[in-house]
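Fold and geometry: a report
Take a look at the letters that make up each chain.
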Amino acid sequence: QVQLVESGGGMVQAGDSLRLSCAASGGTFNTYAMGWFRQAPGKERQFVVVISWSGSTSYLNSVKGRFTISRDNARNTVTLQMNSLKPEDTAVYYCAAAYYTGTFYYTPGAYTYWGQGTQVTVSS
């Protein structure tokens, strides 16, 4: 019964920034690991970043130094700040929640709940 709703996607030019948000309801937000994945047409869903209940993070190498994940447990939200965007960042971005990921945090199957996605388009 957990619901995740993403927002903040849009169309920008290379080098610009976007801020994505994920609002959670129906569960105990502060116990979940929260991840962001992305999927471009014709490609597999790709891990982007995860943040644990305690705030530990892991990032896809290609977004390190450009993307920053944070969580506000009081507001049941997760934010993905995306700076220096590149055309290869173009994808639908999905928010996901997991009770426990173990060593499989990079795998979509480790996550129980998913949002509907928000489109990010970066022009060159």
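Residues numbered from 1 in each chain as written. Predicted model: local features only at pLDDT ≥ 70, side-chain atom pairs only at ≥ 80, totals over all residues. Heavy atoms only, no water.

1. Some words on the packing of aromatic side chains
Within the structure shown, the criterion is met by nine aromatic pairs. Ring centres of F37 and Y111 lie 5.2 Å apart, and the angle between their planes is 80°; this geometry places the pair in the edge-to-face category. Placement of F37 in strand β4 (residues 33-39) and of Y111 in the loop between β9 (91-98) and β10 (113-114) is noted, with a sequence separation of 74 residues between them. One exposure class covers both F37 and Y111, and it is buried. Both rings, one in Y105 and one in Y106, keep their centres 5.6 Å apart while their planes meet at 85°; by these two values the pair is edge-to-face. Overall, the relative accessible area of 28% leaves Y105 in the partly exposed class. On the accessibility criterion, Y106 (44% relative accessible area) is partly exposed. (Phe/Tyr/Trp six-rings, centres within 6.5 Å; stacked < 30°, edge-to-face > 60°. Helix = DSSP H or I, 4+ residues; strand = E, 2+ residues; numbered from the N terminus. Buried < 20%, exposed > 50% of the residue type's maximum accessible area, 1.4 Å probe, protein only.)

2. Remarks on the environment of F67
Secondary-structure assignment places F67 in strand β7 (residues 67-72). Between the alpha carbons of F67 and L85 there is a distance of 8.9 Å; along the sequence they are 18 residues apart.

3. Details of the pattern of salt bridges
Summed over all chains, the structure comprises three salt bridges. Of the charged contacts, one joins R66 and D89 as a salt bridge, the two residues approaching to 2.8 Å between their closest N and O atoms. Taken together, the residues R66 in the loop between β6 (57-59) and β7 and D89 in the loop between β8 (77-82) and β9 connect sequence positions 23 residues apart. For the pair shown, R66 and D89 are each scored as buried. Several salt bridges converge on common partners, so that one network encompasses R38, R66 and D89. (Salt bridge = Lys/Arg side-chain N within 4 Å of Asp/Glu carboxyl O.)

4. Let's talk about the nonpolar core
By size, the foremost hydrophobic cluster in this structure holds 29 residues, and its most contacted members are L4, M34, W36, F67, L80, M82 and Y93. Core analysis: the second largest hydrophobic core is formed by eight residues, A33, A96, A110 and Y111 among them. (Core = buried A, V, L, I, M, F, W, Y, C linked by side-chain atoms within 4.5 Å.)

5. Regarding the state of the cysteines
Summed over all chains, the structure comprises one disulfide. One disulfide bridge connects C22 with C95, the sulfur atoms lying 2.1 Å from each other. Negative torsions about the S-S bond denote left-handed disulfides, and the value of about -80° found for C22 with C95 makes this one left-handed. With C22 in strand β3 (residues 18-25) and C95 in strand β9, this residue pair connects regions lying 73 residues apart in the sequence. Owing to a relative accessible area of 1%, C22 belongs among the buried residues under this scheme. (Disulfide = S-S within 2.5 Å.)

6. As for the pairing of strand β1 (residues 3-7)
Only one face of β1 is buried: it carries L4 and E6, and the other face, with Q3, V5 and S7, is open. As judged from the five bridges shared by β1 and β3, these two strands associate in the antiparallel manner. What sits directly across from V5, in β3, is A23. (Pairing = 2+ DSSP bridges.)

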